[in-house]
Amino acid sequence: MIDPAEWKRLLTPHLEPEAHIRRLRDAVRCRSVTGNEAEFASFLETELEAIEIRADRADFLPGRPNLWARRDGVGSGPKLLVIGHTDTVHAHGWREHWLGTEREDPFGAAEADGAIWGRGAADLKAGICAAIGALELLDRFGARLNGDLLFAFVGDEESGEPGMGVSAGMRDLVRRMAAGEIARPDFALYTEPTRLSVFTAQMGFFIADVRIIGKSAYFGLPEQGIDALRAGHTALSALWQHSDEMAGETEHPLIGRSFALVTEFRSGESIAVPGECNFSLIRKLRPGECLDRAAANLERAVRSRIEGIEGVRVEIGYPAGRDHPLGGTPAEIDPDIPAVGNLRCALEAVLPGAGSIGGAPYWSESAFLVNEMNCPTVYCGPGDIAHCHTVMERVEVSEYLAAIVAFAIFFASYCGVAKN
């Protein structure tokens, strides 16, 4: 068992901040909005080659590669996977917001106010670069890991681009793991931004698009129509009641309560009875909830209130399938397992106050590993999720550099270190 505080003392003199900051800034300059992951994948391939790791790559969709690599251990030890997604959300509105400042280019990687700014800086290029930097730091120090260190960088995680963001990259990765083409890890660190907390649980979700169909009619003869907007109001009331009922259910200690949130509503015609009404909602699930049952209960809540209205039809679609055809399943692991303890101790040694246990207020791809591959997985990385997907996306330089040292200590403690 290594002493994290002593390892911090030993490793820190070998840290080269300028080189690590340059790597992150170069990463942000790779424009990798979902669908265009190839440039950033090639950048990462070059960065791995620089620390003498040969990466494999294969397209999960034409022109859209995944990348994976392995540093073999020199002894017997567990396999640790570091994983992150290569795509970012779009940068609409960024340039307009920062016009005339050093932050104007969303892919310019400006360094200002002690932070690196730009789309993808926190979500999650800082985490990926910190992991590569951590292994580089161990190499500079001369430490050799006993266990294998695996890297996987996947595309298609972010939603927002039409027809994309359905975890096609992650699906391809776990398929290759199941087939034995890629090594199966014993533990995984997914570098989503957590402010260097350790998230051992995540919410599940599904999105439902509801279409209520009535019959349009001239406003002066409303009796000839069937008002879909009025039926939609009834459906919304049913949904909000359903969501309020969830609030009375058990609260998860890390994820909180479940709910249904209506996010968009469209209806109305020009001087006529509205013949159609459409709205979208997102349903949050706590760990332990069944996604199929949750969707069925929501449908029942809607249909039971409006299908008795003569002439009204309801159609419900689920456009955001991830590890489940309807959406993304919740996931959690035991926060008391030794690997989590090792990571927490490493973080706390480097940055007092870091390493607290938390739950992800978002859905990402740990469910593929936890639920399908039976691989304990946590989220941990520099950056604040509250700034991501916004014009304020950035990562504090001090936090990024702390992550490099903490990840290096964790790699050593989890995989073990060969004696000289």
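Description of the structure in this document. For every chain, the first residue of the written sequence is number 1, and numbering continues from 1 onward in sequence order. Confidence filtering applies because this is a predicted model: local features only for residues at pLDDT of at least 70, side-chain atom pairs given and counted only at 80 or more, and all residues used for totals across whole chains, interfaces and linings. The side-chain figures draw on all heavy atoms in the structure; neither hydrogens nor water molecules are used.

### Things to note about the pattern of salt bridges
By definition here, a salt bridge exists when the distance from a side-chain nitrogen of Lys or Arg to a carboxyl oxygen of Asp or Glu is within 4 Å. Using the criterion set out here, one finds 37 salt bridges in the structure. Here D139 and R71 are joined by a salt bridge, their closest N and O atoms 3.0 Å apart. Taken together, the residues span a long stretch of sequence, with D139 in helix α5 (residues 121-141) and R71 in strand β2 (residues 64-71) at a distance of 68 residues. Throughout this description, buried means an accessible area under 20% of the type-specific maximum (1.4 Å probe, protein chains only), exposed means over 50%, and partly exposed covers the range between. Classification of D139 as partly exposed rests on a relative accessible area of 31%. For R176, the salt bridge identified is with E181, shortest N-O distance 2.5 Å. Take E181: its relative accessible area is 47%, and that puts it in the partly exposed class. Look at the salt bridges and you will find they share partners, linking E16, R23, E47, E136 and R140 into a network. Each helix is a run of H or I in the DSSP string that is no shorter than four residues. Each strand is a run of E no shorter than two, and both are numbered from the N terminus.

### Some details on the layout of surface pockets
Regions of empty space are outlined by a rolling probe, equal in size to a water molecule, passed over the atoms. By volume, the largest pocket amounts to about 690 Å³. The wall of the largest pocket is formed by 28 residues, among which S159, F205, R322, W363 and H389 lie closest to the centre. Secondary-structure elements contributing two or more residues to the lining of the largest pocket are β9 (204-213), β11 (259-269) and β12 (272-285). When residues in the lining of the largest pocket are grouped by element, the largest group, three residues, is from β12. Side-chain classes are defined by residue name, with Ala, Val, Leu, Ile, Met, Phe, Trp, Tyr, Cys and Pro counting as nonpolar, Asp, Glu, Lys and Arg as charged, and the others, Gly among them, as polar. Partitioning the lining of the largest pocket into residue classes produces 16 nonpolar, five polar and seven charged. Here the term cavity refers to a set of points on a 1 Å grid, laid over the protein atoms alone, in which a 1.4 Å probe fits but cannot get out; the term pocket refers to an open set having protein on both sides within 12 Å along at least five of seven lines, with lining residues being those that place an atom within 4 Å of a point. Grid points are joined across faces, edges and corners, and a volume is the space filled by probe spheres set on the points.

### Quick word on the environment of D105
In this structure, D105 sits in the loop between α4 (94-97) and β4 (111-112). What makes D105 partly exposed here is its relative accessible area of 27%. Here a residue-residue contact requires only that any non-hydrogen atoms of the pair lie within 4.5 Å. If we ignore the near neighbours within four places in the chain, the residues touching D105 are R31, W94 and R95. Whenever two N or O atoms come within 3.5 Å, that pair is a polar contact, provided that in protein one can donate a hydrogen and the other can accept it, and provided that, for residues adjacent in sequence, both atoms are side-chain atoms. A polar contact is formed between the side chain of D105 and the backbone nitrogen of F107, at a distance of 2.9 Å.

### Thoughts on the nonpolar core
Each nonpolar core is a collection of buried residues, namely Ala, Val, Leu, Ile, Met, Phe, Trp, Tyr and Cys, held together in the definition by side-chain atoms within 4.5 Å. Counting residues in hydrophobic clusters, the biggest one holds 102 residues, and the most contacted among them are L48, L138, F151, F187, L369, Y400 and F411. With 16 residues, the single largest contributor to this core is helix α11 (residues 397-415). Once residues within four sequence positions are removed from consideration, Y400 is found in contact with H20, I21, L24, A126, C129, A130, P382 and V395. A235, L285, V302 and L326 belong to the second largest nonpolar core, which has 26 residues in total.

### Thoughts on the pairing of β12
With respect to burial, β12 is a largely interior element, eleven of its 14 residues being buried. Looking at chain direction, β9 and β12 are connected through ten bridges and run antiparallel. From the neighbouring strand, V210 faces β12, where its bridge partner is F279. Whether two strands pair depends on DSSP finding at least two bridges between them. Note that strand β10 (residues 217-218) and β12 share two bridges and pair antiparallel.

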